[in-house]
Amino acid sequence: MSEEEKLLKDAKKLPWEDRLLHKNWKVRNEANIDLASVCDSITDPKDSRLRDFGPLFKKTVTDSNAPVQEKALDALIAFLRAADADAARYAKEICDAIVSKCLTGRPKTVEKAQAAFMLWVELEAVDAFLDAMEKGIKNKVAKAVVPAVDVMFQALSDFGAKIVPPKRILKMLPELFDHQDQNVRASSKGLTLELCRWIGKDPVKSILFEKMRDTMKKELEAELVNVTGTAKPSRKIRSEQDKEPEQEAMSEVVGPVPTAESSTDAPPEIDEYELVDPVDILTPLEKSGFWDGVKATKWSERKDAVAELTKFASTKRIAPGDFTEVCRTLKKLITDVNIAVAVEAIQAIGNLASGLRLHFSGSSRFLLPVLLEKLKEKKPTLMESLTQTLQAMHRAGCLNLVDIVEDVRTATKNKVPLVRSLTLNWVTFCTETSNKAVVLKVHKDYVPIFMECLNDMTPEVRDAAFSALAAIAKLVGMRPLERSLEKLDDVRRKKLSEMIMGHEVGMSAVLVPVQTSGGSVPSLEASEGAFVRKSAASMLTGKRPVQAAPVIKKGGSIKSGANKKSDGTGQLKSSKTIEAPEDVEPAEMGLEEIERRLGSLLQLEIISQLKSTIWKERLEAISLLKQQVEGLQELDQSVEILIRLLCALPGWSEKNVQVQQQVIEVITYIASTVTKFPKKCVVLCLLGISERVADIKTRAHAMKCLTTFCEAVGPGFIFERIYKIMKEHKNPKVLSEGIVWMVSAVEDFGVSHLKLKDLIDFCKETGLQSSAAATRNATIKLLGVVHKFVGPDIKGFLADVKPALLSALDTEYEKNPFEGASAVPKKTVRASESNLSVTVGGLDSLPREDISGKITPTLLKSLESPDWKVRLESIEAVTKILEEANKRIQPTGTVELFGALRGRLSDSNKNLVMATLTTIGSVATAMGPAVEKSSKGILSDVLKCLGDNKKHMRECTLNALDSWLGAVHLDKMVPCITLALTDTKLGAEGRKDLFDWLSKQLAGVSDFSDAVYLLKPACSAMTDKSSDVRKAAETCINEILRVSGQETIEKILKDMHGPALALVVERLKPYGAFQESFESAKVMSVGPTSKSSSRVGKSTSNGVMKHGNRTMPSRAIVTKGSKTESVTSVQDIAVQSHALFYVKDSNKEDRERMVVRRFKFEEPRLEQIQDLENDMMRYLREDLHRRLLSTDFKKQVEGLEMLQKALPSLAKEIIEVLDVLLRWFVLQFCKSNTTCLLKVLEFLPELFDTLKDEAYSLTESEAAIFLPCLIEKSGHNIEKVREKMRELTKQIVTICSASKSFPYILEGLRSKNNRTRIECVDLVGFIIDHHGAEISGQLKSLQIVASLTAERDGEIRKAALNTLALGYKILGEDIWRYVGKLTDAQKSMLDDRFKWKVREMEKKKEGRPGEARAALRRSVRENSSDVAEQSGEVSRSVSGPIYSRKNYGHSELQMDRQLVPQSLAGVNGPTDWNEALDIISFGSPEQSVEGMKVVCHELAQATSDPDGSAMDELVKDSDRLVSCLANKVAKTFDFSLTGASSRSCKYVLNTLMQTFQNKRLAHAVKESTLDSLITELLLWLLDERVPHMDDGSQLLKALNVLMLKILDNADRTSSFVVLINLLRPLDPSRWPSLASNESFASRNQKFSDLVVKCLIKLTKVLQSTIYEVDLDRILQSIHLYLQDLGMEEIRRRAGADDKPLRMVKTVLHELVKLRGAAIKGHLSMVPIDMKPQPIILAYIDLNLETLAAARMLTSSGPGGQTHWGDSVANNPSSGTHSADAQLKQELAAIFKKIGDKQTCTIGLYELYRITQLYPKVDIFSQLQNASEAFRTYIRDGLAQMEKNAAAGRTPASLPMPTPPPVALTISSPDFTPLSPVHTNALNDAKSLNVKSDPTNFNLPPSYSEDSRAINALTSSRGFTSENSLGDQRNERFITGVTSGTLDAIRERMRSMQLAAAAGNPDAGSRPLMSMNDSLNHGFSSQIPHASDRSGAENTVQSGVLPMDEKALSGLQARMERLKSGAIEHL
């Protein structure tokens, strides 16, 4: 044994670590081999040995010996195959070691290192792998960088982007692009291309291309063309591989189980957002001047500023930050007056949403309501940007369906239909792009919204609601929606199900192929086979497209499971579907290799002879070779090697012609014989064959060989390869003769296999540009042959060729005329179709250019420019783009273009519209059939242009239609044409032109079944007014009947009824072939169980018919074939016994529900006429409906006579079908037959007389059906017809209420027909004259009549003046209030006419104008012996001036009990509470009185109910009641102002009074209702017209008392909030028209003063009610008021002594005083953190400081320092000063207060308290320097205080911890008196002692509590209070004094004056006067009224302090308060 062997043997005993690190390389080598074999033997990945081995590799792979290093890598690979994911813990160190030492080694070492890396990735150690790669690419040695890039490329290629994160690779690539080594750059390009396969081209371009040099960009752009499809992983990580055997085992038992790969076949979508780093945009935005720009006054500067933000926000990913202020700014800019700024702001929001995603969700919710509101704008640019932004917000995840429910609900109730429809479209988009879980969660919220929208008046909204419902149903299925959809009628449910089914069919069609291909891709497991190294640079070959599907590698072994799976799936597709692309690039192969592979195929002598230098031997050898090849049986297997042999021996350099010919023949034989000739063999031969074509001796053989190649592999491949050879070859003959061969090839094979674009480009750039005439001539011949197949369109591609060549080409075209489909190729291609790119022959094989790059946003924007020249240039630019593309374009990117062109079809400039039509026609021609899908339905807009009255415009439209027809077949256009023909806006000339065009097109075809759909609109046109249209329609019908088949005509006839059917049958008479089928149809229709009749039953309009399965009576369809008189008479006799009307199944309510109630008339649409025909057939007897629906007017007259006879006896039945008959009358009004119309007008008065006899009034729906048409047609051009219609309208107005018909007449004033307007003006006069009282609330509409006095037409002016003169006669001078603003000329005309009217009235002795109104009022008062008079009598009979509340209630109750039954007994009286509320809401003022009686009765009963259950029910309806009454206040007062009785006003106020007397009812009224009520009452209190009304003073008094009662009993929080809100200026529209001498400003001033007084009333009792109010809400309303004003306005108003502002400050001051520092605990609804700080906080702090300094703060708890007195009386040592010093200071402050007349009362009371607390203190010692009068005043004042205390009128008697000087807080020192100064309280007290008014409105005794304030709010309605609002803290309420008190004060003042005069007359006079004032004011405001209960209660409560409450800040204090009880007990 040698020493070396011994060493190796001994070493095997050593531990592994020692062996692997042994100093002898052979020991290390053996150790690595042994380690590899041990690892291979391990089967359990959890084997403990693997843990021991793991740490060893980090050193072994860095071995300095290359062979040992390789073995170490082998061992590592074995280890990694045996291990599992746990081994990843060693990955980082080992990968780093490999990178540092192995990537620069030998090729084998590098390959093994890469294999190891791949295994690490397989074990999920991806992060460690990529960390190592980051180090590897930074290696200074380029040789080491390339393998690192390659292995990343291979990892990504094999495992996919889900395992290998692309983001990290993207970060590494930029530094490789500029690497100095070209191999590194090439690899980085390859890796970039691989990334494109996984994450798409666009993300890679956007992230990487900006970091590249231009040259590299171009190179990559070129390479990107070859990247196709999407990639799929070919290798799995270990954990997934371990799962596969289980699935395979299952598949053997159960069948095929889809693998993970097959189920998730599509690669995971990579979000580009995750690939990029976030960018901070806030910092650069600050620097860009954005904030100054958005505040600029110039719109352009604002737009530029927002554009800067849009640019910054366009980055893919934005860094999160505080965008709150940005969003606030954008919110304002959305509503900017300039559209461009708004659009820019909306785009900026969209960009922010896309860039911030979830970080923008809060801001999105903030902005959403404004964006949805903005959808009302109709500007296309704005709508587009809004739509894109809203979609972007949802796509980015900023909003989801859960967040937007409320906003959507609000938007769908928007009054603008566009907002509703677009919101629903957006929700549909959101639904379609949401996942199923989210939709399942929210569908219950959305479905009711959509259901409501299905009833919308606008069709677009209904369609959008359908789409939205369908979108939900598509996701969650129909089951969850079944309950909601039960409410849908049959028609809508059917439509919805069709929408859903249509989508599902489409989806299944899309999904099926995907499923079939799934699972067929074999999964490779490269780790089990040999490692195949891939190079990233191999991606750059450019020779083949990089396919998405993985290619099966030779080294990889396919797992058996994959085969089983593919068998199990049942061979869904042939193997071709997954066949790998053929490799067309032949690899290099030497002659030796060729000979070795040939083996025994050929004799060795042949090969040796082929090498001979003697040409004869070579010729002999090639002949033998030919014979042997022809004798071979299995030639297919040896094709490539034989071709390679021939290319090498004798090779293409052979000089002997004969040998060359033989070689070509052999190749031709092989190519023609084998089943599949490889393309690489073609590539091997092509250059040589091309050169042989140039030689005249071998040309024929070579050309034949090329043709054989074409048959074998297709001419497309040969041409593609040969272009390059011919271009680059030096021999010009190769080019010219090659083109000659091409001519023959095109003739043989046609152009279907060729890429024509490449061929034409080759001809233009190479063939025609050649200097050789032969080449040019050959090229011309080639183009001529191509022309034969593709037609004249080829000329468009050669327009830029020289003129001489063009003429030669034209000559060639004439020789080869276009043959189209008849040009059949002579030869066919053997290769399978799947391997060839077969294009459709003919025109579509011509290349189409992608113009999407040229359709730029700038171009689209220019198409919408406000400048018409720019718009015209843009349209011309589109035409130019088409010309550049040779008028052959692809549809890509044209959707937006069509959208922009559609906008131009409605351009105001007609020339632009015509240019647009021409362009649209050109686009359609250039695009071909694809235009239908791309055009977004633009055809319907094109057809609308036929409605233009200019002939030139219509001609342009028809030319566009011709172009469209050339691109799309007519059947695709039929739906749009059908709609256009039924469009009323199209006009007679447009319809005629369209019918002519259709006739012309149909004349050119022999069979066109779809034409039958045009039959209905053509038939309806036969009844058109225009004879030209009828004539054109007749011609068209003949053509339709000619080209439609018999079956289709029969089918359509079964669905036609009435006149349409008759017309078609008439037209069909010449076509005898159809007669038989019509006869059979007639027979069938008579049978009672016929299919057709039952179908009609189902198709009745709007799903009215409930019993679809029931067979219809035989009357349903019998008219279809019956045209002859004999048949008619027989049928008439047969049905005479039946009832004339079938009303049993009639459901009038359902029909009326479908009526759209409009005042304006619209012509009946085709479907409405169809519905009418169906209803008439259903409800009218057959002979009647057949006559009425006949096209013969005589038959219609007969039908009307039948109705006339039946009218008296069948009135009830006629009423049941009245709506159907009225619809028929409307149809007759719209027709032109005068005879029938006159008959209708003869019948209608009789009908309405009958209705009057039956006491039937038209319903709202019936009025909406009939009146708009009657009014519109009342301006008929025949005088006789007009007269009849005039009388009929007056009859209807008399029968129905004038108020119901008046709105329809007003709409008639807006008619386009002058005669109609004249008639309507006369009708207005008639109504004013005869029914003036009924329309008194609508007199403002006289403005419309007055405006007609400015019309040009003299007749209209005359009628308007006559009507206004009638109004003047009735209303007198009041008419000027109603006529609105008039010009001087109009006023002059009216003055003249009014003077004439006065003279006329004097002649006729009719009195003065306006007297009739007064007489009406008197008659109403005299004749209405109703509740008002009775209650007046009751009240007069009661003795005493004031009644107690109990008596009042009793008398009211008695009165109601007597009268309610009487009122209910009437026909129209309400029977219950709800009906009463409805009458109050919707009835006239007089009618609503009946409802209010019932309400008062119910209220009285509920009040007297002992258990209160009745009241509980009423409380629920309290808000609704008050809301109804609040709305009624204005109507009743307006009604009374017209001269009617004020009875209804009194009832309204009385009902409100009864409601608000009950605190429970009053508290249940909502804030919004309270707001409208208070506003209304205050406005009427201020109205100067009220005193002039009937009982105006009583009404004022009642309004005043009601207002006080509301303030007493309504929810005080709501009252405060409402009143504070009302301090803002009132909307001018709320005021009646201004008096001549008063402005809005002065009215607002009065209104504010009144609101201030109300607030004073509330604040006065705030101390006792502080715990009944929600301070948080009040503080919020104060905050909002102050914030709305802003500091600048507050300062200005403070200087101007603004009362509303001072009142708000006063309320805040009182709250702070009562709650102290704890007030800050009630700021939960104020945003205290906002910047700048809320203004309210500053005022709270200011008040706290001021009150603390004045020691006036109320305590915050018994335990705290409640008052300054504590520190003196209870804790003398607590202060820093002595008690005496402090007392002196306080006395000085008190004396100062007494010296001021405003605060003297407070001062006296404080002084009195001091004397009580400190009896030993000598007060007067402090007054040594004061005058005697002042000392006397103080002495008397103290005596008076003592008397008050003894009488119990002071808070001193209440128990207090410390009596505060401010304890007398009946009111705050901040308020103005509630009554003005000149209001005498004594007079107020007497004000109720008046004689009872003889009306129902008697004040209840409870009003006496507030008797002092009856005039407080009116006060002549001028607020001239001298002492209204002084300085805060210096004002008092006047609560009223008794006469005795006043006398006492006067006596005291007199004695004081005498004393002063006696002492010092000069010195004392002036102070005495001021003191006199002070005393008078102070005492009068201080001493409470003896009978003032509320004042006394306030006094009693005033000293009570709240419970202990910690003065915490913010929400904490509020929580403390709530925990201790909602309202703390006192």
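The rules behind each value
- Residues numbered from 1 in each chain as written.
- Predicted model: local features only at pLDDT ≥ 70, side-chain atom pairs only at ≥ 80, totals over all residues.
- Heavy atoms only, no water.
- Helix = DSSP H or I, 4+ residues; strand = E, 2+ residues; numbered from the N terminus.
- Buried < 20%, exposed > 50% of the residue type's maximum accessible area, 1.4 Å probe, protein only.
- Contact = heavy atoms within 4.5 Å.
- Core = buried A, V, L, I, M, F, W, Y, C linked by side-chain atoms within 4.5 Å.
- Axes fitted to C-alpha atoms, helices over the stretch in contact; angles between N-to-C directions.
- Left-handed = near helix turned anticlockwise from the far one by under 90°.
- Nonpolar A, V, L, I, M, F, W, Y, C, P; charged D, E, K, R; others polar.
- pLDDT = per-residue confidence, 0-100.
- Phe/Tyr/Trp six-rings, centres within 6.5 Å; stacked < 30°, edge-to-face > 60°.
- Lys NZ or Arg CZ within 6 Å of the ring centre and 35° of its normal.
- Parallel < 35°, antiparallel > 145°, perpendicular 65-115°, else oblique.

Novice: I'm lost on the side chain of T957 in this one. Help?
Specialist: Summarising the element assignment, T957 is placed in helix α50 (residues 951–967). Here T957 falls in the buried class, since its relative accessible area comes to 0%. Among residues more than four places away in sequence, those in contact with T957 are L917, V942, C945 and L946.

Novice: I'm lost on the nonpolar core in this one. Help?
Specialist: One recurring pattern in soluble globular proteins: nonpolar side chains tend to sit buried together. Core analysis: the biggest nonpolar cluster contains 100 residues, and F1533, F1556, I1678, L1682 and L1711 have the highest contact counts within it. The biggest single contributor to this core is helix α79 (residues 1509–1537), with 12 residues. Each residue touching F1556, except ones within four places of it in the same chain, is listed here: V1522, A1562, V1565, L1570, L1573, K1605, I1606, N1609 and A1610. If you look at the next biggest cluster of nonpolar residues, it comprises 90 residues, including V1220, C1296, Y1304 and L1306.

Novice: Sorry if this is basic, but what is going on with the packing of helix α63 (residues 1193–1206) against helix α65 (residues 1218–1230) here?
Specialist: Two quantities define a packed helix pair, namely the angle between the helix axes and the distance between the axes. Viewed as axis vectors pointing N to C, α63 and α65 meet at an angle of 145°, and their least axial separation amounts to 14 Å. As α63 runs across α65, the sense of the crossing is left-handed. Residues Q1196, L1200 and L1203 of α63 pack against L1221, W1224, F1225 and Q1228 of α65. For the contact of α63 with α65, the class distribution of residues is 5 nonpolar, 2 polar and no charged.

Novice: Explain the confidence of the model for the protein chain to me, please; I cannot follow it from the model alone.
Specialist: A low pLDDT score tells you not to read the predicted coordinates there in detail. Averaged over every residue, the pLDDT of the protein chain is 75; residues scoring 70 or more account for 76%. Note on residues 833–843: pLDDT is under 50 here. Beyond four places in sequence and across chains, it has 23 contacts. Throughout residues 1959–2026 the model reports pLDDT below 50, and contacts reaching past four residues in sequence, or to other chains, amount to 129 contacts.

Novice: I keep staring at the environment of A411 and nothing clicks. Help me out?
Specialist: Here A411 is to be found in helix α25 (residues 405–411). Distance from A411 to L375, taken between C-alpha atoms, is 9.5 Å for residues 36 residues apart in sequence. Residues contacting A411, with those up to four places away along its chain left out, are L372, V419, R420 and T423.

Novice: Please clarify how the packing of aromatic side chains should be interpreted in this entry.
Specialist: Two aromatic rings, taken as a pair, are described by how far apart their centres are and by the angle between their planes. Tallied over the entire structure, the rule returns 18 aromatic pairs. Through successive ring pairs, a cluster of aromatic residues spans F719, Y723, W741 and F762. Just above the ring of W1396 sits the side chain of R1393; from NZ or CZ to the centre is 5.5 Å.

Novice: Help me out: how do you make sense of the environment of E1842 in this one?
Specialist: Among the structural elements, E1842 can be located in helix α93 (residues 1828–1846). Through-space distance from the C-alpha of E1842 to that of Q1812 is 10.0 Å; in sequence the pair is 30 residues apart.

Novice: Honestly, helix α84 (residues 1612–1622) in this entry has me stumped. Any pointers?
Specialist: Because each turn of an α-helix spans 3.6 residues, side chains separated by three or four positions in sequence point in the same direction. Counting buried positions along α84 gives 10 out of 11 residues, so the element sits mostly inside the fold. Looking at α84, one finds that the buried residues are R1612, T1613, S1614, S1615, F1616, V1617, V1618, L1619, I1620 and L1622. The inward-facing, buried residues of α84 abut α82 (1567–1582), α83 (1592–1609), α85 (1640–1660), α86 (1662–1665), α87 (1671–1695) and α88 (1699–1715).

Novice: Teacher, can you tell me more about the packing of α82 against α84 here?
Specialist: Their axes nearest at 9 Å, the elements α82 and α84 cross at an angle of 55°. The angle between the axes of α82 and α84 places the two elements in the oblique class. Both α82 and α84 take part in a crossing whose hand is right-handed. Listed contacts from α84 to E1567, L1570, D1571, I1574 and T1575 of α82 are S1614, S1615, V1617, V1618, L1619 and L1622. Considering only residue class, the contact of α82 with α84 consists of 6 nonpolar, 3 polar and 2 charged.

Novice: Sorry if this is basic, but what is going on with unusual backbone geometry here?
Specialist: Leaving glycine aside, a negative phi is the common case for residues, and trans is the common case for peptide bonds. The peptide bond linking L649 to P650 adopts the cis configuration, its omega dihedral lying at -5°. Following K1731, the chain continues into P1732 via a peptide bond in cis, with omega recorded as -5°. As for its placement among the helices and strands, P1732 is situated in the loop between α88 and α89 (1735–1749). Even without being glycine, E124 reaches a positive phi, approximately 70°. Mapped onto the fold, E124 is located in the loop between α8 (107–122) and α9 (126–136). The phi angle at R357 is positive, at roughly 55°, despite the residue not being glycine. Structurally, the position occupied by R357 is in the loop between α22 (339–356) and α23 (361–374).

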